[in-house]
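Below are the chains, spelled out letter by letter.
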Amino acid sequence: MIRKLQLPVLLLLLLWGPVNGQAGRGQKGTPVPTVVTTGAKDRAQWVKALYKIAWPVVHNLAAGTLKKNLPLEQGPDYNLVVKDVTYLEAVGRTVAGIAPWLELPDDATEEGALRAKMRRELLQGLRNAVDPENPDCLNFKKQNQPIVDAAYLSHAFLRAPKALWEPLDSLTKRRYIDAFKSLRNRSGAYNNWLVFAALIEGFLRYIGEDYDPVRVDYALNKMKDWYTGDSWYKDGDLFSMDYYNSYVIHPMLTDLIRTLLEKRPGKVHVTTRDYETALSRMVRHAEFLERIIGPDGTYPAFGRSVTYRTAAFQALGQVALMEKLPEHIQPAQVRCALTKVITNMFDGNQNFDANGWLVLGFNGHQPMMADVYTSTGSLYMATLGFLPLGLPADNKFWTDPPADWTSKRAWSGQPVKKDYKVEY
């Protein structure tokens, strides 16, 4: 069964093949020139792109104008109540991606000033988001979708407790705790949604609140059942060929188990071996993600939710952030590969409207590519591709000389380590 499930992955790696240098700014037929860069220039490019994506959400939330100004564009056959869900989607997903960057200490650099400004605005926005008197008070009590985005918000608090959770006043913290607990009267889909519910409970346990161990235990046991091999989890009873292993499963599952271990003893039994297994699987999955980045920084637009754009590389970014890359993958090659992806996606304006909001699509305004649950707020999962910005600027990820990534080496005839499979 495992071999059959691996076949689509193998075909993607083979068929993605010779890319033609037609990516970047949505312009067909324009060759991508070879650019000599540095880690400092790459980091500046990442900060510029992340700020461009996140600032409209953070700034409007701080001003109490998110609901006033966020567009309500929806995919074909959209099947949710957009005003009940899209605003929390935008906030939770944005914050989960920028959290590691905001957790860095202040410094006197230009980047440091931007980071401090965004952190200040975000803390005000987080207060507004649960203030019943604020026009941007977010919905946690209606619909099932808030389970998803409360999980991303919980993930943000776990990723940046000193920057985003601890500075909040006691009333705001209480409001978030009550909002998260209010989600227990609903359930979601029988797939990766189990991890969302479990992570929320894991966060509550982390801060010393009562939590539901059944939701945590159930998610952990089902993910064990749904593991198919070689780092791939099924997303429910059947395997899905998409990026949800990176959008959700590996990062949230690994951090959930780590959080449970850090706050032992508890009602949910996890072991160090459980964590090491989850981490090893995520590291292996990160290898797949690095390999599918083409020589020109394009990657396959397959599976549902491709409008989440750079979120496809969350697992790779998290492994880099944790400094757990395998020895044969240099941090610089991941940096250079992702820089090329980020440049292709966000250096131009094809993915933004006239007011700076993300538009429905993959690399341009392509609303037909949006799923039935996708609206403007959903798109801010793109920030999850920027997790390595949580590494300080003097980390080797940013200071090592440029390095070619796997597909670029392979297609130029350079030596490449052969791929393999794992049994864990």
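Cut-offs applied
Residues numbered from 1 in each chain as written. Predicted model: local features only at pLDDT ≥ 70, side-chain atom pairs only at ≥ 80, totals over all residues. Heavy atoms only, no water. Helix = DSSP H or I, 4+ residues; strand = E, 2+ residues; numbered from the N terminus. Contact = heavy atoms within 4.5 Å. Expected span 1.5 Å × (residues − 1). Bend = angle between axes of the 7 residues up to and from the residue. Buried < 20%, exposed > 50% of the residue type's maximum accessible area, 1.4 Å probe, protein only. Axes fitted to C-alpha atoms, helices over the stretch in contact; angles between N-to-C directions. Parallel < 35°, antiparallel > 145°, perpendicular 65-115°, else oblique. Left-handed = near helix turned anticlockwise from the far one by under 90°. Nonpolar A, V, L, I, M, F, W, Y, C, P; charged D, E, K, R; others polar. Salt bridge = Lys/Arg side-chain N within 4 Å of Asp/Glu carboxyl O. Phe/Tyr/Trp six-rings, centres within 6.5 Å; stacked < 30°, edge-to-face > 60°. Lys NZ or Arg CZ within 6 Å of the ring centre and 35° of its normal.

Enquirer: What am I meant to see in the environment of Pro167 here?
Expert: Here Pro167 is to be found in the loop between helix H7 (161–165) and helix H8 (170–182). Sequence spacing of Pro167 and Val195 is 28 residues, and the spatial spacing of their C-alpha atoms is 27 Å. With near-sequence residues (within four places) excluded, Pro167 lies in contact with Leu123, Pro161 and Lys162.

Enquirer: I'm lost on helix H2 (residues 39–63) in this one. Help?
Expert: For an α-helix, 3.6 residues make a turn, and residues three or four places apart therefore share a direction. The end-to-end C-alpha separation of H2 is 34 Å, in line with the 36 Å expected for 25 residues at 1.5 Å each. The largest bend in H2 amounts to roughly 45° and is located at Ala54, with the proline Pro56 lying one to four residues further along. In the segment just after H2, Gly64 is the residue with positive phi, at about 75°.

Enquirer: I would appreciate a short explanation of the environment of Pro135 in the present structure.
Expert: As for its position among the elements, Pro135 is in the loop between helix H5 (110–129) and helix H6 (146–159). Residue Pro135 is classed as exposed on the basis of its relative accessible area of 56%. Discounting residues that sit within four places of it in the chain, Pro135 has contacts with Gly64 and Lys67.

Enquirer: Would you take a moment to explain unusual backbone geometry for this structure?
Expert: What you tend to see is this: most non-glycine residues have negative phi, and most peptide bonds are trans. Of note in the backbone geometry, Gln143 takes a positive phi value of approximately 75° without being a glycine. Position of Gln143 relative to the elements: it lies in the loop between H5 and H6.

Enquirer: Would you explain the packing of helix H10 (residues 213–226) against helix H11 (residues 244–262) in this entry?
Expert: The description of two packed helices rests on the angle between their axes and on the distance between the axes. Two numbers describe how H10 lies on H11: the axes approach to 12 Å, and their chain directions differ by 130°. It follows from the interaxial angle that H10 and H11 lie oblique. Note on packing geometry: the crossing formed by H10 with H11 is left-handed. Between H10 and H11, the contacting residues are Val216, Leu220 and Met223 on the first element and Ile249, Leu253, Leu256, Ile257 and Leu260 on the second. Taken together, the residues of the contact of H10 with H11 sort by class into eight nonpolar, no polar and no charged.

Enquirer: Would you mind going over the pattern of salt bridges with me for this structure?
Expert: Between side chains of opposite charge, a pair can form when the charged atoms approach closely. The final tally for this structure, using the stated rule, is 26 salt bridges. One salt bridge connects Asp212 with Arg215, and the closest N-O pair in it is separated by 3.6 Å. You can call Asp212 partly exposed: its relative accessible area is 21%. With a shortest N-O distance of 3.0 Å, Arg284 and Asp419 are connected by a salt bridge.

Enquirer: Would you take a moment to explain the packing of aromatic side chains for this structure?
Expert: Working definition: an aromatic ring pair is given by the centre-to-centre distance plus the angle between the planes. In this structure the tally under the stated criterion is 27 aromatic pairs. Three or more aromatic residues joined by ring pairs form one cluster here, namely Tyr243, Tyr244, Tyr247, Tyr299, Phe302, Tyr308, Phe313 and Phe362. Just above the ring of Tyr244 sits the side chain of Arg304; from NZ or CZ to the centre is 4.0 Å.

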